[in-house]
Every structure is written in structure tokens, then in C-alpha cells.
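# Architecture at a glance
Here is how the chains run, residue by residue.
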Amino acid sequence: MSEQRIIEVDSLTRRFDSHTAVDSVSFSVAEGELFAFLGPNGAGKTTTINMLCTLLTPTMGRATVNGYDVVRQRSNVRRSIGLVFQDSTLDEHLTAEQNLRFHAYAYRIPRAVTEQRINELLELVELSDRRKSSVRSFSGGMKRRLEIARGLLHHPRVLFLDEPTLGLDPQTRRHIWEHILRLRAQHGLTIFLTTHYMDEAEVAGRIGIIDHGRIVAMDTPDSLKDTLGGDVITIETRDIAALATELREKFHVEPIYKEGGLTFSVHHGEKLLPRLLRRVDNPVASVSLRRPTLEDVFIQLTGHEIREQEADPMSEARAFMSRRRRGR
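Residues numbered from 1 in each chain as written. Predicted model: local features only at pLDDT ≥ 70, side-chain atom pairs only at ≥ 80, totals over all residues. Heavy atoms only, no water.

### What about the overall build of the protein?
- Looking only at helices and strands, one finds 12 helices and 14 strands in the protein.
- C-alpha atoms of the protein, sized along the principal axes, occupy 75 × 45 × 40 Å.
- Across the 328 residues of the protein, 52% fall into the buried class.
- Contacts in the protein between residues far apart in sequence, at least 24 positions, make up 72% of those at least 6 positions apart.
- Entry remark: accessible area of the protein is about 15,900 Å², with carbon and sulfur atoms responsible for 47%.
- If the 46 positive side-chain charges of the protein are averaged to one point and the 45 negative ones to another, these points end up 6 Å apart. (Helix = DSSP H or I, 4+ residues; strand = E, 2+ residues; numbered from the N terminus. Buried < 20%, exposed > 50% of the residue type's maximum accessible area, 1.4 Å probe, protein only. Contact = heavy atoms within 4.5 Å. Areas by Shrake-Rupley, 256 points an atom, 1.4 Å probe, with all protein chains shown as cover. Lys, Arg positive; Asp, Glu negative; His and termini not counted. Charge placed at Lys NZ, Arg CZ, Asp CG, Glu CD.)

What follows is the structure, given as C-alpha cells:
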């Protein structure tokens with residue numbers, strides 16, 4: 001990975017009335033990196049991308065993309081990026097080919113190279129045989145692949161993917177990610193991803209965990225999991241509160257309630273477990289020992305699971321658009 005920083009963010013903040021959606025975040029992304037923002041819906045992921053893509057003006061702070069200031073040099077930023085939104089922005093009355101041609105016209109791509117780029121990208125996302133088909137006949141996965149192709153048509157330096165597989169079935173999600181990783185390998189593209197899916201975040205070189213508008217941790221997936229200090233033990237019992245008190249007093253661990261049991265992290269869990277089972281007074285219904293996951297890291301840092309806040313996956317985006325319509 002190149003050490004050149006293609007995205008730099010310093011104390012970036014966005015407030016909506018009395019609500020702070022993004023609270024003084026600072027980070028950088030290296031050229032060619034696959035960087036992920038992991039967090040629940042409403043955590044500030046989409047608001048951050050909207051600021052970096054010049055769709056929303058920061059309240060405070062500064063950010064540059066490809067060396068251009070996102071407030072003072074918006075046109076240069078927009079020429080440097082591709083963006084795939086959570087919701088489809090394709091014109092479903094047009095064909096796949098027509099959608100790409102309109103994008104080429106909007107970005108003033110020379111006619112001499114437009115045809116070649118359209119052919120290459122449709123081939124890359126395996127839609128060449130549907131180039132003359134109306135987009136309204138496409139599945140959700142096909143639309144997402146076409147949007148990725150459209151985002152790359154003007155040869156951006158950075159591709160922003162805001163929840164790129166939201167609402168897609170697991171097989172289609174895997175297919176989409178095959179295309180994304182192939183694009184990165186072939187073009188050396190910098191990819192900035194937001195997601196609340198743990199398996200998607202795992203493919204990133206680095207992950208920024210964001211919650212309530214703040215970055216609470218940032219590192220490689222393996223290093224984040226190593227911060228938990230070893231193994232994850234989960235115990236189920238009828239009296240959760242009593243067992244939690246025992247674990248704190250006798251073993252000096254801080255268990256978290258999760259999925260009907262108590263979960264905590266320890267070094268050398270295989271050695272601790274037999275001693276723990278001998279010393280606790282509360283009957284244990286079941287016990288498991290495993291290596292930590294990104295979900296464990298998120299719970300440890302935030303005290304809750306991501307899916308607790310997924311009732312409305314478009315809440316943050318809708319709130320943003322509502323405020324735009326009201327002129328705020």
C-alpha cells in the first residue's frame with residue numbers, strides 16, 4: 001500500500017440543529033487502500049461520506065480528497081471520486097448503456113474513449129449481454145453492479161461505497177464483492193466503504209469503528225480483535241444477574257449480556273474455564289470458548305450490538321434529505 005494519503009480528515013463535525021451527527025472525527029486513508037467505516041445505522045457513516053463527497057457542508061473541521069478541499073474545491077473533488085449510494089440512483093426508464101452514456105456526458109468524457117470505457121466496464125461487471133435492457137428489468141444485484149460501473153466510468157481516484165450491499169441476499173452480496181475486489185486489483189483503486197456487516201468489514205485493510213458520531217477505534221481487523229486480550233467465553237445460566245456479580249467479584253472480569261448469556265474476554269481461556277466452572281455457585285446451562293470476532297470488538301467498545309439499531313436502515317439518509325428539502 002502506498003504511503004501517500006489520498007483522504008485526510010481533521011476534526012470534521014456536522015450538526016443538525018441540536019443534534020451532532022459527526023463529532024470531530026480525524027483520520028486519513030492511503031492511496032490504494034480499502035478502508036471501512038463500521039457502525040450501526042445512524043452512527044454518522046453516511047453523513048461523513050456526504051461531507052467527503054461535497055454533498056453536505058461540514059459545520060467544523062477540514063477534509064481533503066485527492067489533495068482538494070471538500071468545501072473550497074468541490075468541482076475538483078467531484079471529478080476525483082465515484083460514489084455508490086445506499087439507494088439506487090439509476091434512471092430505470094433508460095437502458096444500462098444509456099445510463100452510462102448520460103454519466104459520460106455529465107462528466108465530459110471524450111466521445112473517443114466513452115465507447116471503450118462502457119464496453120470494458122460492462123464486461124467487468126458481467127452486464128454486456130444486458131446493455132440494451134431497461135434497468136427496470138434488472139434485479140437488485142444487477143442494479144448495484146451497474147452503479148459500480150457508472151461510478152468508475154470517469155476513472156476516479158477514490159470509490160465511495162455507502163452500504164453497497166444493503167438489502168441484498170447473501171449470494172448476491174458475495175457476487176458484488178467479487179466484482180469490487182477485482183476492480184481494486186485491476187485498477188489500484190482506493191475504496192472507502194461504509195457498512196454494518198461484519199464480514200464486509202473483514203476484507204478491509206483498516207477499519208474505523210464509529211458510534212454516535214465518534215470514531216471509537218481504528219486499526220486492522222486482526223489488531224482490533226487482538227485488543228480483546230485473548231479468548232471469548234460465553235456462559236448461559238438461569239440467573240444472569242447473580243452470575244455476573246460472581247464473575248466480577250471472583251474473576252475480575254466485566255461480562256456483557258448477549259444472546260441469552262454473559263460474554264467476556266480473557267487470556268488463556270482454556271486454562272481459566274475449568275477453574276471458573278468449579279468456583280461459580282450458579283448452575284451453568286452451557287458454556288463456549290472461541291477466538292474473538294469484530295462483533296465482539298464492537299460490543300466491547302460500545303456496549304451494544306450493531307443490529308440493535310437496524311430497525312430503519314435508511315433513517316440517517318432520509319433525515320439528511322428531509323433537512324435539505326427544508327433548506328437547513
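### Here we look at the confidence of the model for the protein
- Of all residues in the protein, 92% attain a pLDDT of 70 or more, and the chain-wide mean is 87.
- In this model, residues 308-328 is a region of pLDDT below 50 whose contacts with residues beyond four sequence positions or in other chains number 29 contacts. (pLDDT = per-residue confidence, 0-100.)

### Things to note about the packing of helix α3 (residues 96-106) against helix α5 (residues 140-152)
- Direction vectors running N to C along α3 and α5 enclose 25°, while the axes themselves pass 9 Å from each other. Taken together, the axis directions place α3 and α5 in an arrangement best described as roughly parallel. Between α3 and α5 the crossing geometry is right-handed. Of α5, the residues touching α3 (which contributes A96, L100 and H103) are L146, A149 and R150.
- A class-by-class count of the residues in the contact of α3 with α5 yields 4 nonpolar, 1 polar and 1 charged. (Axes fitted to C-alpha atoms, helices over the stretch in contact; angles between N-to-C directions. Parallel < 35°, antiparallel > 145°, perpendicular 65-115°, else oblique. Left-handed = near helix turned anticlockwise from the far one by under 90°. Nonpolar A, V, L, I, M, F, W, Y, C, P; charged D, E, K, R; others polar.)

### A look at the packing of aromatic side chains
- In the structure shown here, the tally under the stated rule is 7 aromatic pairs.
- Here F35 and F37 contribute two aromatic rings whose centre-to-centre distance is 5.9 Å and whose plane-to-plane angle is 50°, an arrangement assigned as tilted.
- Centre to centre, the rings of F37 and F192 are 5.4 Å apart; their planes meet at 75°, and the pair counts as edge-to-face. Of this pair, F37 sits in strand β3 (residues 34-38) while F192 sits in strand β8 (residues 190-195), and the two are 155 residues apart along the sequence. Pair check on accessibility: F37 and F192 agree, each one buried.
- A network of ring pairs unites the aromatic residues F27, F35, F37, F160 and F192 as a single cluster.
- Positioned above the aromatic ring of Y197 is the side chain of R173, whose terminal nitrogen or guanidinium carbon lies 3.8 Å from the ring centre. (Phe/Tyr/Trp six-rings, centres within 6.5 Å; stacked < 30°, edge-to-face > 60°. Lys NZ or Arg CZ within 6 Å of the ring centre and 35° of its normal.)

### Focus: the sheet that holds β3
- The strand order β6-β7-β8-β3-β9-β10 describes an open sheet built from 6 strands, whose pairing is mixed. On the outer flanks of this sheet lie β6 (81-84) and β10 (214-219), each paired with one strand and no other. Neighbour to neighbour, the strand axes of the sheet diverge by 15° on average, direction disregarded.
- Two elements, β3 and strand β9 (residues 206-211), share 4 bridges in a ladder whose sense is parallel. Considered in β9, the bridge of A36 is made with I207.
- Helix α11 (residues 294-302) rests against β3, β9 and β10 of the sheet, and its axis sits at about 40° to β9. (Pairing = 2+ DSSP bridges.)

### Observations regarding the environment of M51
- Examined against the element boundaries, M51 turns out to sit in helix α1 (residues 45-52).
- Exposure remark for M51: the relative accessible area of 1% places this residue in the buried category.

### Comments concerning α5
- With 13 residues, α5 ought to run about 18 Å at 1.5 Å a step, and its terminal C-alpha atoms sit 19 Å apart, in line with that.
- For α5, the buried fraction is high: 12 of the 13 residues fall into the buried class.
- All of the buried residues in α5 are G141, M142, K143, R144, R145, L146, E147, I148, A149, R150, G151 and L152.
- Those residues of α5 that are buried lie in contact with β6, α3, α4 (111-124), β7 (158-162) and α6 (170-187). (Expected span 1.5 Å × (residues − 1).)

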